Amino acid sequence: MSVTGGQAAFAYLRGRILSGEIPGNATLREQALAEELGVSRTPIREALRRLDETGLVEFVPNKGATVIAWTTEQMRETYYLRAMLESRAAGLAAVRIFDGDLARLADLITLMDEFVLAEDDAGISRLGELNAEFHRIIVTAAENAQLTRLTVSVGRVPLMAKAFRRDSGSFRAVSNHHHRDILTALLSHDALWAATAMRSHILAARNSVLSWDQGEDSVGAPGADQSVDAHSLDSDAIDAADLADLADFTP
């Protein structure tokens, strides 16, 4: 898969910000990142600009960027917006979705069952990929380009990946049960039921993330410069970022 240095740096930094590994208020400096990741400043600048566009950092050319510190209220509002947008998408999809997509959704639920209790990073990452595809199919099935763009623009709440990993599988199992409810509604072609099921699913994720965040210091915590370990920026990271660009729907 052919990718640019900017795409690779964006995927890597984005993942670490969303996981909470790079906390709010941390400073990302172009030169330091270029040296640590083994690239020139140009792709780093491109990556920081993209992170700025997605609302994850505040970028100042030739200086670097500061990671946005999310407040509890901002996280809450983000989930409200996603609940509104994705529930609308599910309602539209209920009357427009194709049989092939419904079959794929059923397959994804079965595949996710294999990983809901996973404790290893590979298993949990695979669950996240399957979950993202599930939501992407539904939003795409709505056949509404404007709705898709709006949903993608809302973005993802930092710490979701960390919470996804540490909940011992209980939230993941409940989440996949919600997927079954959504699929049942879609199979019935009941727009109101599908919209309601999706809204409940996302708001349940909101409640879980906000409860997990109690006592966490990584979101909104003041911080000095945070060093970024130099890891290889491989195609797997880019695949995840490209999927997120299409629809980063991972409640």
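Per an unreviewed UniProt entry, the chain carries the name GntR family transcriptional regulator and comes from Cryobacterium breve.

Asks: Before we move on, could you go through the overall build of the chain and cite the residues and values that matter?
Replies: Each helix and strand in the chain was counted, giving 11 helices and 3 strands. Each helix and strand of the chain, ordered N terminal to C terminal, gives the series α-β-α-α-β-β-α-α-α-α-α-α-α-α. Residues counted as buried form 49% of the 251 residues belonging to the chain. At a minimum sequence separation of 6, the contacts of the chain that also span at least 24 residues come to 80%. A total accessible area of about 11,600 Å² is found for the chain, and carbon and sulfur atoms account for 51% of it.

Asks: Let's hear about helix H6 (residues 121-141): which residues, and what values?
Replies: With 21 residues, H6 extends 30 Å between its outermost C-alpha atoms, agreeing within 8% with the 30 Å of an ideal straight helix rising 1.5 Å per residue. The positive-phi residue at the C-terminal boundary of H6 is Glu-143, with phi of around 55°.

Asks: Help me get a handle on the pattern of salt bridges, residues and values and all.
Replies: A full pass over the atoms with the stated rule returns 8 salt bridges. Put simply, Glu-86 and Arg-82 hold a salt bridge, and the shortest N to O gap is 3.4 Å. A residue pair is termed a helical-turn pair when its members lie 3 or 4 positions apart in one helix, as Glu-86 and Arg-82 do in helix H4 (residues 72-96) at 4 residues. The exposure class assigned to Arg-82 is buried, which follows from its relative accessible area of 1%. For Glu-133, the salt bridge is made with Arg-104, and the minimal N-O distance between the two is 2.9 Å. Of this pair, Glu-133 sits in helix H6 while Arg-104 sits in helix H5 (residues 99-113), and the two are 29 residues apart along the sequence. With relative accessibility at 28%, the residue Arg-104 sits in the partly exposed group.

Asks: Hey, could you go over the sheet that holds strand E2 (residues 57-60) for me, with residue numbers and the actual values?
Replies: Spatially, E1-E3-E2 is the arrangement adopted by the 3 strands of the open sheet, whose pairing is antiparallel. Across the chains shown, the open sheet's two edge strands, defined by having one partner strand only, are strand E1 (27-28) and E2.

Asks: Which residues make up the environment of His-201, and what values do they have?
Replies: You can see His-201 is positioned in helix H10 (residues 191-212). Looking at His-201, the relative accessible area reads 1%, which means it is buried.

Asks: With reference to specific residues and values, describe the side chain of Glu-30.
Replies: As for its position among the elements, Glu-30 is in helix H2 (residues 30-37). Overall, the relative accessible area of 1% leaves Glu-30 in the buried class. Of note is the side chain of Glu-30, whose polar atom sits 3.2 Å from the side chain of Arg-45. Setting aside residues no more than four positions away along its own chain, Glu-30 makes contact with Arg-41, Ile-44, Arg-45, Leu-48, Phe-59, Pro-61, Asn-62, Lys-63 and Gly-64.

Asks: Please set out the packing of aromatic side chains residue by residue, giving values where relevant.
Replies: Overall, the coordinates contain 0 aromatic pairs when judged by the stated rule. The side chain of Arg-50 reaches across the aromatic face of Phe-10, ending 3.9 Å from its centre.

Asks: Run through the pairing of E2, naming residues and quoting values.
Replies: Only one face of E2 is buried: it carries Val-57 and Phe-59, and the other face, with Glu-58 and Val-60, is open. Pairing of E2 with strand E3 (residues 64-67) involves 4 bridges; the strand directions are antiparallel. Across the sheet, residue Val-57 finds its bridge partner in E3, namely Val-67. Here E2 folds back onto E3 in antiparallel fashion, the turn holding 3 residues, of which Asn-62 has a positive phi close to 70°.

Asks: Any chance you could break down the pairing of E3 for me, citing the residues and the numbers?
Replies: On a regular strand, one side chain projects to one face of the sheet and the next to the other, so that they alternate. Summarising the sheet, E1 and E3 pair through 2 bridges and their orientation is antiparallel. Residue pairing in the sheet places Leu-28 in a bridge with Ala-65 of E3.

Asks: How would you explain the confidence of the model for the chain if you had to name every residue and give the values?
Replies: For the chain, per-residue confidence averages 79 on the pLDDT scale, and 76% of positions sit at 70 or higher. Mean pLDDT across the elements of the chain bottoms out in helix H11 (residues 235-247) (35) and peaks in H5 (97). Low pLDDT, under 50, characterises residues 217-251; the stretch is placed with 96 contacts to residues that sit more than four places away or in other chains.

Asks: So what's going on with the packing of H4 against H6? Which residues, and what values?
Replies: Their axes nearest at 7 Å, the elements H4 and H6 cross at an angle of 65°. Between H4 and H6, the crossing angle belongs to the class labelled roughly perpendicular. H6 is crossed by H4, and the crossing has left-handed handedness. Facing Glu-86, Ala-89, Ala-90, Ala-93 and Arg-96 of H4, the residues of H6 in contact are His-135, Ile-138, Val-139 and Ala-141. Considering only residue class, the contact of H4 with H6 consists of 6 nonpolar, 1 polar and 2 charged.

Cut-offs used in this document
- Residues numbered from 1 in each chain as written.
- Predicted model: local features only at pLDDT ≥ 70, side-chain atom pairs only at ≥ 80, totals over all residues.
- Heavy atoms only, no water.
- Helix = DSSP H or I, 4+ residues; strand = E, 2+ residues; numbered from the N terminus.
- Buried < 20%, exposed > 50% of the residue type's maximum accessible area, 1.4 Å probe, protein only.
- Contact = heavy atoms within 4.5 Å.
- Areas by Shrake-Rupley, 256 points an atom, 1.4 Å probe, with all protein chains shown as cover.
- Expected span 1.5 Å × (residues − 1).
- Salt bridge = Lys/Arg side-chain N within 4 Å of Asp/Glu carboxyl O.
- Pairing = 2+ DSSP bridges.
- Polar contact = N/O pair within 3.5 Å; in protein donor to acceptor, adjacent residues only side chain to side chain.
- Phe/Tyr/Trp six-rings, centres within 6.5 Å; stacked < 30°, edge-to-face > 60°.
- Lys NZ or Arg CZ within 6 Å of the ring centre and 35° of its normal.
- pLDDT = per-residue confidence, 0-100.
- Axes fitted to C-alpha atoms, helices over the stretch in contact; angles between N-to-C directions.
- Parallel < 35°, antiparallel > 145°, perpendicular 65-115°, else oblique.
- Left-handed = near helix turned anticlockwise from the far one by under 90°.
- Nonpolar A, V, L, I, M, F, W, Y, C, P; charged D, E, K, R; others polar.

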